[in-house]
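What follows is the residue order along each chain.
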Amino acid sequence: MGLSIGSRLGPYEIVSLLGAGGMGEVYRARDNRLERDVAVKVLPSHLSSSPDFKARFDREAKAISCLQHSNICVLYDVGAHDGVEYLVMELLEGETIAQRLQRKPFSAEEAIKIGIEIADALDKAHRFGIVHRDLKPGNVMLTKSGAKLMDFGLAKRQSFVAPQSGAPAFSAAMTLSPGQSPITVAGAVVGTVQYMSPEQIEGKEADARSDIFAFGTLMYEMLTGKSAFAGKSQLSMASAILEKEPDPISASQPLTPPALEHTVRTCLAKDPEDRFQSAHDLKLQLVWISGSSAASLPVLKPKTGPWAKNSWALWAAGALAIFCVALLWTVERRTQAEPAVVRFTIPTPENAQVNIDLGPMLALSPDGQRLAFTVTGKDKVSRLYLRRMDQLEATLIPGTEEASAPFFSPDGQWVGFITVSRVKKVSVDGGVITELANVVSGSVGATWGPDGYIYYNRFWTERLSRVPQNGGKPEIFSWPDAQRHEQSHRWPEALPDGKSLLITIVKSFGAQDAEIAVLSLKTHTWKTVLSNAAQAHYSPTGHLLYVHAGTLMAVPFDLKSLTVTGPAVQRLHDVLSEPDSGYSALAVSDSGTLVFVKGSAESQQWPNTHLSWLSMDGKEIPASKTLRPYEDMSLSPDGKSVAFTIPGTPVWNIWTLDLERDTLNRLTFAGDNRDPLWAPDGKHIVYTSYRNGAFGLFWSTVDGSAPEQRLLRSDVEPFADTFTPDSKKLIFNVSQQDAETNTWEVPTTGDAVATPVKGISLNSSSDSLSPDGHWIEYQSSESGQDEIYVQPYPDLGGKWQISNGGGMPTQAQWSSDGKQIFYRNGDLMMAASVETKPHFSSSTARQLFTKSFLYSGRNFGVAGKRFFIMKQEAKQGATSLNVVLNWASELKK
């Protein structure tokens, strides 16, 4: 039983329990005589009767008592009280290496500094003939004054002679400690398995070089975050130590200096003769690495031989060799002005892939030390991760579901991101996520300006807005110029002059004819600097970087005059990009670090789409053998035909598919046409078209008996949502300047004036009318996440929320009898029963089935008691990010 709080051991008053392990319990206590807090270690009562453990406890006291060193925990006192044996030691404030490793690995600089301190402490112990024999992450405390070596409970005194082969092992305990309290196994060899040397595993005598092996395992784990020798059991772990070599440190941490990796490898040599022969030699090696600018150069491996034999001569030769290497490096550096370019890859988290279809997903901090990226898991939900370049793994930022468009603050201490409805930020060190502003259906890029504002695109076909960096009222900053046929200002990026933004101006549906412009933060005016390009990044070499057809282009750019000064040149190929939005998976930092996602031309093509019928319980029947990259489907009222957008280069068009004959027919031949919607009369299809520098809503007769007719001209892109049952009115969605709603209606008489639909909020989209035309369903993010709502139409009334937990955009439809509303929630098909008389009511939505759908766009229809759905062929997303350090060196060539 442990000591009670307030009890006393001699002059020491117990304050609290600090920890417990197999060899003792450690308490915080108060020495009232000297008015200081101390650590009191006692032998647990169940072990105090054991002569072996009592001897080990005494041995720790004697070992520490003769070791006065700044990096060794100080022993103040020993004593016994009422049969309780105790040691009084320095109270260390901090955390162990094991505790620190639970968060992240150490940088090379941190590991070297700590390693020097540990090696110096070991050198002190070894000079007194004390071998620690249990060096591990849990036995090194990190304090403000430096690393402190603790727990000499397994230490053993020995003379300075070479060990004899086959010497008997000390019979004590073997512990297995991945950072927690050790688990003891009586009657085995001494030490902690994953940090034991081969000679300890084999039961041979452990000398100081066993501590050096343990030091190597400790350094390896500090640098990589994982054990040098892994195994599912003590036996397999011991086998790995005897027979296997650990993976190279550089495989996990590519920036590790080769000299440091060589040093760790030397410590981990299987044969003690091949290791460093003293902790002092090891310390000198680390000191040289830390103090030399040539840390990236290899070093000479110490010659092997009997322990401590001819050590002075060896180190004299080694010092001369080091001097020569350093001299050669200095000469070489004078002739080599630029650092070497380094390339490596970063894997995405397990079961997560890059999906640029869901929006922008890469950002680098200005100093290039942190990478923010979003990836999509098995649930098809994107989440934000942060990774330091000197760490092994990325860290998931909780609460970032549906995140895209990450961006850093100018000081690199905050990372912002966009969800489907909000602009948010979070500290790079974690903490509470702060909401800054609302958006409409996601965003096309954001940047943190030097003036304390965050600039972002509110919608795919919209202006730039800005919001104060600590939140506040958003304001419109730039509005596309309709007279210049501008449809969207997107992909903002702050330039280092502190006065301007790079933006992309899109003039049609896609970014095929986009332009790069410079937008003044002072005057709100902009000028085009580069045509036929999208999403530019400024490089500190004085270039604009952009991707064209999967190739990274670099064009000289003068920051003072804000003009392009030379032709573009190709620099990288196979950069993943999304040609329709203009986004490329690429980020560059002020320090010259470049990160990109690799993607072949084939991976950037639209995948084929499968068409199927589904019963209400999810049973699937193929609907067509014709495979094309269909998008934005609309099922005919009789369920016999379906209309699609089929992507093309450079324009898209509307096609219909006769499901009975499985034949395709092209409907549109002029302009760039998308997003068809079948009218209830079954005779017309309405669609959005971009022609002659303007958008419009057009409709055509399905049988071609009459010419197409324009229903509406619009300066920004409209999206047809639903018709009134008599097909005389069309309800559509569009975002317009200073409007109070996104939802509008227009008669189908041709070139009519649109009017807003009453009562529907600004953050709404994806509307559909009930079969009787008296109720309108729509999606809104007004609550902070997308939900499905219903209200009366055309007159105002109450409002009812149908979904609970999210409905997918444009994915809710009424049943033909008006008694159910179906909607998508990820891959779940949901249904809510509704009653409209004598008043509206709805049931809790229930799940019908789970089925993989085409993710975006209008992708299912309802025909009687079955669904018509679209599914894309499996598209393997990228599972790694490519990093190029010192990228600027290549651009200057």
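Definitions and cut-offs
Residues numbered from 1 in each chain as written. Predicted model: local features only at pLDDT ≥ 70, side-chain atom pairs only at ≥ 80, totals over all residues. Heavy atoms only, no water. Helix = DSSP H or I, 4+ residues; strand = E, 2+ residues; numbered from the N terminus. Buried < 20%, exposed > 50% of the residue type's maximum accessible area, 1.4 Å probe, protein only. Contact = heavy atoms within 4.5 Å. Areas by Shrake-Rupley, 256 points an atom, 1.4 Å probe, with all protein chains shown as cover. Pairing = 2+ DSSP bridges. Axes fitted to C-alpha atoms, helices over the stretch in contact; angles between N-to-C directions. Salt bridge = Lys/Arg side-chain N within 4 Å of Asp/Glu carboxyl O. Parallel < 35°, antiparallel > 145°, perpendicular 65-115°, else oblique. Left-handed = near helix turned anticlockwise from the far one by under 90°. Nonpolar A, V, L, I, M, F, W, Y, C, P; charged D, E, K, R; others polar.

**Description of the overall build of the chain**
Okay, so step 1: Check the secondary structure of the chain and you find eleven helices and 66 strands.
Okay, so step 2: Across the 893 residues of the chain, 55% fall into the buried class.
Okay, so step 3: Contacts in the chain between residues far apart in sequence, at least 24 positions, make up 49% of those at least 6 positions apart.
Okay, so step 4: When the accessible surface of the chain is totalled, it reaches about 37,600 Å², and 52% of it is carbon and sulfur.

**Section: the sheet that holds strand β7 (residues 95–96)**
Within a sheet, adjacent strands bond to each other through the backbone by hydrogen bonds, running parallel or antiparallel.
Okay, so step 1: Read from one edge of the open sheet, three strands run β7-β9-β10, paired in antiparallel fashion. Of all the strands in the sheet, the pair left with one neighbour each is β7 and β10 (146–149).
Okay, so step 2: Both strand β9 (residues 140–143) and β10 contribute to a ladder of four bridges, which runs antiparallel. Looking across to β10, one finds that Val140 is bridged to Leu149.
Okay, so step 3: Across the sheet, helix α3 (residues 108–127) lies against β9 and β10, angled at about 35 degrees from β10, the strand it touches most.

**Thoughts on the sheet that holds strand β25 (residues 453–457)**
Okay, so step 1: A sheet is described by the order of its strands in space; here four strands give the open sequence β24-β25-β26-β27, paired in antiparallel fashion. The open sheet has two edge strands with one neighbour each: β24 (446–448) and β27 (475–478). Each strand of the sheet is rotated relative to its neighbour by a mean of 30 degrees, with strand direction disregarded.
Okay, so step 2: Note: β25 against strand β26 (residues 464–468), five bridges, orientation antiparallel. Among the inter-strand pairings, Ile454 is bridged to a residue of β26, identified as Val467.

**Digging into the pattern of salt bridges**
Okay, so step 1: Scanning the model with the defined rule gives 30 salt bridges in all.
Okay, so step 2: Note that Asp247 and Lys226 form a salt bridge whose closest N and O atoms lie 4.0 Å from each other. One end of the pair, Asp247, is in the loop between α6 (234–243) and α7 (249–252); the other, Lys226, is in the loop between α5 (208–224) and α6, with 21 residues separating them in the sequence.
Okay, so step 3: Exposure remark for Lys226: the relative accessible area of 33% places this residue in the partly exposed category.
Okay, so step 4: A salt bridge links Glu620 to Lys871; its shortest N-O distance comes to 2.8 Å. Taken together, the residues Glu620 in strand β42 (residues 620–622) and Lys871 in strand β65 (residues 866–872) connect sequence positions 251 residues apart.
Okay, so step 5: Taking the relative accessible area as the measure of exposure, Glu620 reaches 33% and is therefore partly exposed.
Okay, so step 6: Three or more residues joined by partner-sharing salt bridges are found here, namely Arg28, Arg30, Asp37 and Glu93.

**Quick notes on the pairing of β25**
Okay, so step 1: The buried count for β25 comes to four of five residues, which makes it a mostly enclosed element.
Okay, so step 2: The pairing of β24 with β25 spans three bridges and is classified as antiparallel. Across the sheet, Trp448 pairs through a bridge with Ile454, a residue of β25.
Okay, so step 3: Here β24 hands over to β25 after four residues, with Gly452 in that stretch at a positive phi of 85 degrees.

**A few points about the environment of Thr551**
Okay, so step 1: Along the polypeptide, Thr551 turns up in strand β34 (residues 551–558).
Okay, so step 2: What makes Thr551 buried here is its relative accessible area of 12%.
Okay, so step 3: For the pair formed by Thr551 and Arg571, sequence separation is 20 residues and the distance between their alpha carbons is 7.3 Å.
Okay, so step 4: Not counting residues up to four positions away in its chain, the partners in contact with Thr551 are Tyr546, Gln570, Leu572 and His573.

**With respect to the packing of α5 against helix α8 (residues 258–267)**
Okay, so step 1: Where α5 meets α8, the closest approach of the two axes is 7 Å, and the angle between their N-to-C directions is 140 degrees. When the axis of α5 is compared with that of α8, the two are oblique. The hand of the α5/α8 crossing is left-handed. Here Ile212, Phe213, Phe215, Gly216, Met219, Tyr220 and Leu223 of α5 come into contact with α8, specifically with Leu260, Val264 and Cys267.
Okay, so step 2: Here the contact of α5 with α8 is composed, by residue class, of nine nonpolar, one polar and no charged.

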